[in-house]
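# Summary of structural features
For reference, the chains in residue letters:
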Amino acid sequence: SVTYLVVAGGGGSGYNSASGGGGAGGYRTASGFAVSAGTPYTVTVGAGGGPGPSMFNDGINGSDSVFSTITSTGGGGGASGAPGPRNGLAGGSGGSCNQYASATGGAGTAGQGNAGASAGTVNAAGGGGGAGAVGTSAFSQYYGGAGGNGLTFSINGVTYAGGGGGGGGSGGGNNASLVYVNPSNGTANTGGGAGGQGPSNTIGRSGGSGIVIVAYPNTFPDAVSTTGSPTLTNSGGNKIYTFTGSGSITF
């Protein structure tokens, strides 16, 4: 049996100032997953969702990641800053609404993530949901809400799937930022959501790509074969196969 982590791509953020932050990619992990010798298991690493491509467009949802029968859902896109109230999109974790107080955050997927923020203050949007927490609503006209925190994978101690900050916050679960600070993309291979656009009516940012990790005790032999060029490391008594691109693994 193996332990797996499957994180989907994070959601992109919307066009226009005071747009919502993207939701994190879905986060699924468990130990004791049964595998059979000689059987190839498919691995798909989801891409991060792109930004809203033109005026009044919401961010694009991230793509799903897969290991065998386990699928994590791509993060929801953040809402465009205009026109009027716009809701965040549903996903693994939901994207945030825009700057209008009556807008709502997108829903997260049960067992994978949390909802994006709702009820942002005018001129500052909320944060996208993360694997560990819901996004935070903006608390003043000048600050976007923080993205929801990610979760730390026990095998390697790395945190994945943080939501993007709203209205100019940074991607990947960082704290709230001034509305007039440029946002950032979600971090590659973490499933982080994109930061919402702050200073001007311009294009948003992209969510971070996902990741798939498969680990098992190092008393067992190496995998018979892999495709997709995963990285193999030995740590903490485990063999750890890390996929940052799609492929397969045969034990």
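Throughout what follows, the structure given in this document is the object of discussion.

So, how was this worked out
Residues numbered from 1 in each chain as written. Predicted model: local features only at pLDDT ≥ 70, side-chain atom pairs only at ≥ 80, totals over all residues. Heavy atoms only, no water. Pairing = 2+ DSSP bridges. Helix = DSSP H or I, 4+ residues; strand = E, 2+ residues; numbered from the N terminus. Axes fitted to C-alpha atoms, helices over the stretch in contact; angles between N-to-C directions. Salt bridge = Lys/Arg side-chain N within 4 Å of Asp/Glu carboxyl O. Buried < 20%, exposed > 50% of the residue type's maximum accessible area, 1.4 Å probe, protein only. 1 Å grid on protein atoms, 1.4 Å probe; cavity = no way out; pocket = protein on both sides within 12 Å on 5 of 7 lines; lining within 4 Å. Points joined across faces, edges and corners; volume = space filled by probe spheres on them. Nonpolar A, V, L, I, M, F, W, Y, C, P; charged D, E, K, R; others polar. Polar contact = N/O pair within 3.5 Å; in protein donor to acceptor, adjacent residues only side chain to side chain. Phe/Tyr/Trp six-rings, centres within 6.5 Å; stacked < 30°, edge-to-face > 60°.

If you walk across this open sheet you meet the five strands as 5-4-3-12-9, and the pairing is antiparallel. The open sheet has two free edges, formed respectively by strand 5 (70-72) and strand 9 (225-227), since each of these has just one partner strand. Across this sheet, the average inter-strand angle for adjacent strands is 15°, counted without regard to direction. Here strand 9 pairs with strand 12 (residues 247-250) via three bridges, running antiparallel. For T227, the partnering residue across the bridge sits in strand 12 and is S248.

Right, let's talk about the pattern of salt bridges for a bit. A pair can form between side chains of opposite charge whenever their charged atoms are brought close. One pass over the structure, following the stated rule, counts two salt bridges. Note that R86 is salt-bridged to D58, the shortest N-O span being 3.0 Å. With R86 in the loop between strand 5 and strand 6 (151-152) and D58 in the loop between strand 3 (40-44) and strand 4 (65-67), this pair connects stretches of sequence that are 28 residues apart. In this structure, K239 and D222 form a salt bridge, with 2.5 Å as the shortest nitrogen-oxygen distance. Of this pair, K239 sits in strand 11 (residues 238-243) while D222 is found in the loop between strand 8 (211-217) and strand 9, placing the two residues 17 residues apart along the sequence. K239 sits in the buried class, given a relative accessible area of 9%. Here D222 falls in the partly exposed class, since its relative accessible area comes to 41%.

Here we take up the pairing of strand 1 (residues 2-7). With six of six residues buried, strand 1 is to be regarded as a mostly interior element. Burial along strand 1 is two-sided: the face carrying V2, Y4 and V6 and the face carrying T3, L5 and V7 are both buried. Direction of pairing for strand 1 relative to strand 2 (residues 27-33): antiparallel, over a ladder of five bridges. In the sheet register, Y4 faces strand 2, and the bridge partner there is A30. Where strand 1 meets strand 8, five bridges bridge the pair, whose relative direction is antiparallel. Paired with L5 across the two strands is I213, which belongs to strand 8.

Space inside the largest pocket adds up to approximately 160 Å³. Looking at the largest pocket, the residues that line it are S1, V2, V35, Y216, F220, P221, D222, A223 and F251. For the lining of the largest pocket, the residue count by class is seven nonpolar, one polar and one charged.

Pairing in this open sheet of five strands is antiparallel, and the strands run 2-1-8-11-10 from one edge to the other. This sheet does not close on itself; its edge strands, each paired only once, are strand 2 and strand 10 (231-235). Adjacent strand axes in the sheet meet at a mean angle of 15°, parallel and antiparallel pairs treated alike.

Further remarks concern the pairing of strand 12. Burial along strand 12 is two-sided: the face carrying G247 and I249 and the face carrying S248 and T250 are both buried. Bridge count between strand 3 and strand 12: four bridges; the pairing is antiparallel. Bridging across to strand 12, Y41 finds its partner in I249.

What follows deals with the side chain of S65. Along the polypeptide, S65 turns up in strand 4. Looking at S65, its side chain comes within polar contact range of the main-chain oxygen of V7, at 2.8 Å. Reaching out from S65, the side chain makes a polar contact with the backbone nitrogen of G46 at a distance of 2.8 Å.

If you walk through the whole model with that rule in mind, you get seven aromatic pairs. Relative to F67, the ring of F33 has its centre 5.6 Å away and its plane inclined at 55°; by these criteria the two rings are tilted. Of this pair, F33 sits in strand 2 while F67 sits in strand 4, and the two are 34 residues apart along the sequence. With relative accessibility at 16%, the residue F33 sits in the buried group. Between Y41 and F67, the ring centres sit 6.2 Å apart and the planes meet at 45°, which makes this aromatic pair tilted. Linking Y41 in strand 3 with F67 in strand 4, this pair joins segments that are 26 residues apart in sequence. What makes Y41 buried here is its relative accessible area of 10%. Cluster of aromatic residues (ring-pair linked, three or more members): Y4, F33, Y41, F67, Y216, Y241 and F251.

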